[in-house]
Amino acid sequence: GREVSVSHERNGFVADNNPPSFTTRQLENTLARLLACSLSTSSLKTYQQASRIFQHFEINVLSRTTSQFPIPTKVIALFVAYLAENNYSAATTLTYVSALGYVHHLASFPNPTKSELIKCTLIGYAKLYPHSRQQITYNTTNFRECNFSM
């Protein structure tokens, strides 16, 4: 039972046999700071706001105590309907949906916001609620045909 110390050498770099110890939690915190710095301050605030509103939706509308990730496409569609019912503008809704997609992209998951269901939901939203806090009704026979199933 003797331990052997092996030096790893790659491209002239020799690994330290006694590297500083970091917990996974410390490294995750550093990663979160690095990712946060990759966004502009305004984008970061907007994405954080989107996350807070989505969490509120999960807790108060879906009665969930934990988040599901990746987020199912239908849940995102219901979130869009929730934003419509709360009179969010189409532009704000698109931004919040994009924030949810960004998180999936960072985690290397397929982006559910790119689905046909979400695309069609956002098209309909833009037609029904084009301006902030205004509700304008359109004839639904003018909507583009969308192919999706729920």
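Bear in mind the structure is a predicted one, so any value in this text is a computation, not a measurement.

(A) Spatial organisation of the layout of surface pockets. In this model, the largest pocket occupies a volume close to 510 Å³. What lines the largest pocket is a set of 21 residues, and nearest its centre among them are Tyr-47, Ser-51, Ala-99, Leu-100 and Val-103. At the level of elements, α2 (41-60) and α4 (90-106) are the ones that each hand at least two residues to the lining of the largest pocket. By residue class, the composition of the lining of the largest pocket is 14 nonpolar, 6 polar and 1 charged.

(B) Expanded view of the environment of Ser-89. When you line up the elements, Ser-89 lands in the loop between α3 (73-85) and α4. You can call Ser-89 buried: its relative accessible area is 10%. Residues Ser-89 and Tyr-125, 36 residues apart in the sequence, show an inter-C-alpha distance of 8.8 Å. One polar contact links Ser-89 to Thr-92, side chain to side chain, over a distance of 3.0 Å.

Rules behind the numbers
What you see as residue numbers is a count from 1 along each chain, following the sequence as written. Owing to the predicted nature of the model, reporting of local features is limited to residues with pLDDT of at least 70; listing and counting of side-chain atom pairs is limited to 80 or more, with chain, interface and lining totals taken over all residues. In computing side-chain values, all of the structure's heavy atoms are included and hydrogens and water are not. Only protein atoms enter the 1 Å grid, on which a cavity is a set of points fitting a 1.4 Å probe that cannot get out and a pocket is an open set with protein on both sides within 12 Å along at least 5 of 7 lines, lining residues being those with an atom within 4 Å of a point. Grid points are joined across faces, edges and corners, and a volume is the space filled by probe spheres set on the points. By definition, any uninterrupted DSSP run of H or I lasting at least four residues is a helix, any uninterrupted run of E lasting at least two residues is a strand, and each is numbered from the N terminus. Amino acids are sorted into nonpolar (Ala, Val, Leu, Ile, Met, Phe, Trp, Tyr, Cys and Pro), charged (Asp, Glu, Lys and Arg) and polar (every other residue, Gly among them). Any residue under 20% of the maximum accessible area for its type is buried, any over 50% is exposed, and the rest in between are partly exposed; the area is computed with a 1.4 Å probe on protein chains only. Whenever two N or O atoms come within 3.5 Å, that pair is a polar contact, provided that in protein one can donate a hydrogen and the other can accept it, and provided that, for residues adjacent in sequence, both atoms are side-chain atoms.

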